[in-house]
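Survey of secondary and tertiary structure
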Amino acid sequence: IGERPFTDMSSLIQALAKGIRPYLHTPFAFFGHSMGALVSFELARYLHRTANITPTHLFVSGHAAPQATKYDEPMHRLSDVKFLERLRELNGTPNDVLQNKELCTLLLPVMRADFTLCESYRYQNGDILRCPITAMGGLTDPFVSRLKLHAWNEQTKERFVLRMFPGDHFYLRKQQSLLLRVLAQELSY
């Protein structure tokens, strides 16, 4: 909470790469959901470009492929009241948090920074990843369609798999055991 939140992808990726580099001497995979999908993807590209290190697998969940990403109405520019209303609609933040004014005051800058980071992100053509990608999403996700998830296949020269789960954008809460089985299956492929 005392740290300044990241609001641009490039700075975040450089900081993450520096932080995890000592641990990349053994095989590793990345999993990212929603904003984490973009972060995982860009981190994988950065590591490949700067250190010739590639994850064994990239799992992306609940986010359109980077080349298919488009934000119609930037949330990060909304007033606090409208921003909190929109968070409630997204159904990802517990109501107990949204109803606690002190907690919202503490978390609002961090959540707004996350949305700023995503909404200011601009995909740049670059190297296609040399690791398998598994894209995952909820069957009833109102924000990310099967088509937008399938577009991740353009980002790999290796195997691509699309997996859809019962549920909405936050399907992984209720489908945790199924999700873990899929991850284990894909990692042992």
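Up top you'll find the structure we're talking about.
Heads up: these notes are all about the structure in this document. Predicted, not measured: the structure shown is a model, and the values here were computed from it.

Moving on: unusual backbone geometry. The residue Ser 34 is not glycine, and still its phi comes out positive at about 60°. Following the sequence through the fold, Ser 34 ends up in the loop between β1 (29-33) and α2 (35-51). At Asn 52, a residue that is not glycine, the phi angle is positive and equals roughly 55°.

This next bit is on the packing of helix α1 (residues 9-20) against α2. Relative orientation of the contacting elements α1 and α2 amounts to 65°, with a least axis distance of 10 Å. Considered as vectors, α1 and α2 are oriented roughly perpendicular to each other. Remark: the crossing between α1 and α2 carries right-handed chirality. Every residue of α2 that contacts α1 at Met 9, Leu 12, Ile 13, Gln 14, Leu 16, Ala 17 and Ile 20 is listed here: Leu 38, Val 39, Glu 42, Leu 43, Tyr 46 and Leu 47. The residue inventory of the contact of α1 with α2, partitioned by class, reads 11 nonpolar, one polar and one charged.

For the rest of this paragraph, the subject is the packing of helix α3 (residues 80-90) against helix α5 (residues 101-120). Running from N to C, α3 and α5 cross one another at 75°; their axes reach a closest spacing of 11 Å. Taken together, the axes of α3 and α5 lie roughly perpendicular to each other. Packed against α3, whose contacting residues are Asp 80, Phe 83, Leu 84, Leu 87 and Leu 90, the element α5 presents Cys 104, Leu 108, Met 111, Arg 112 and Phe 115 at the interface. Class assignment for the residues of the contact of α3 with α5 results in eight nonpolar, no polar and two charged.

A few words now on the nonpolar core. Formed by 32 residues in total, the largest nonpolar core has its most connected members in Leu 47, Leu 58 and Trp 152. Secondary structure elements with two or more residues in this core: α1, α2, β2 (57-61), β3 (133-138) and β4 (160-165). Here Leu 58 is in contact with Phe 30, Ser 40, Phe 41, Leu 129, Cys 131, Pro 132, Ile 133 and Thr 134, once residues within four sequence places are set aside. Within the second largest apolar cluster, 10 residues are counted, among which are Leu 78, Phe 83, Leu 90 and Met 111.

Right, let's talk about the pattern of salt bridges for a bit. Under the definition given, this model contains five salt bridges. Note that Arg 159 is salt-bridged to Glu 186, the shortest N-O span being 2.4 Å. Of this pair, Arg 159 sits in the loop between α6 (146-150) and β4 while Glu 186 sits in helix α8 (residues 176-187); the two residues are 27 residues apart in sequence, bridging distant segments of the chain. By relative accessible area, Arg 159 is classed as partly exposed at 23%. With a relative accessible area of 5%, Glu 186 lands in the buried category. Among the charged side chains, a network of salt bridges with common partners joins Arg 159, Arg 163 and Glu 186.

Rules used in this analysis
- Residues numbered from 1 in each chain as written.
- Predicted model: local features only at pLDDT ≥ 70, side-chain atom pairs only at ≥ 80, totals over all residues.
- Heavy atoms only, no water.
- Helix = DSSP H or I, 4+ residues; strand = E, 2+ residues; numbered from the N terminus.
- Axes fitted to C-alpha atoms, helices over the stretch in contact; angles between N-to-C directions.
- Parallel < 35°, antiparallel > 145°, perpendicular 65-115°, else oblique.
- Left-handed = near helix turned anticlockwise from the far one by under 90°.
- Contact = heavy atoms within 4.5 Å.
- Nonpolar A, V, L, I, M, F, W, Y, C, P; charged D, E, K, R; others polar.
- Core = buried A, V, L, I, M, F, W, Y, C linked by side-chain atoms within 4.5 Å.
- Buried < 20%, exposed > 50% of the residue type's maximum accessible area, 1.4 Å probe, protein only.
- Salt bridge = Lys/Arg side-chain N within 4 Å of Asp/Glu carboxyl O.

Coordinates in, geometry out; function isn't part of it.
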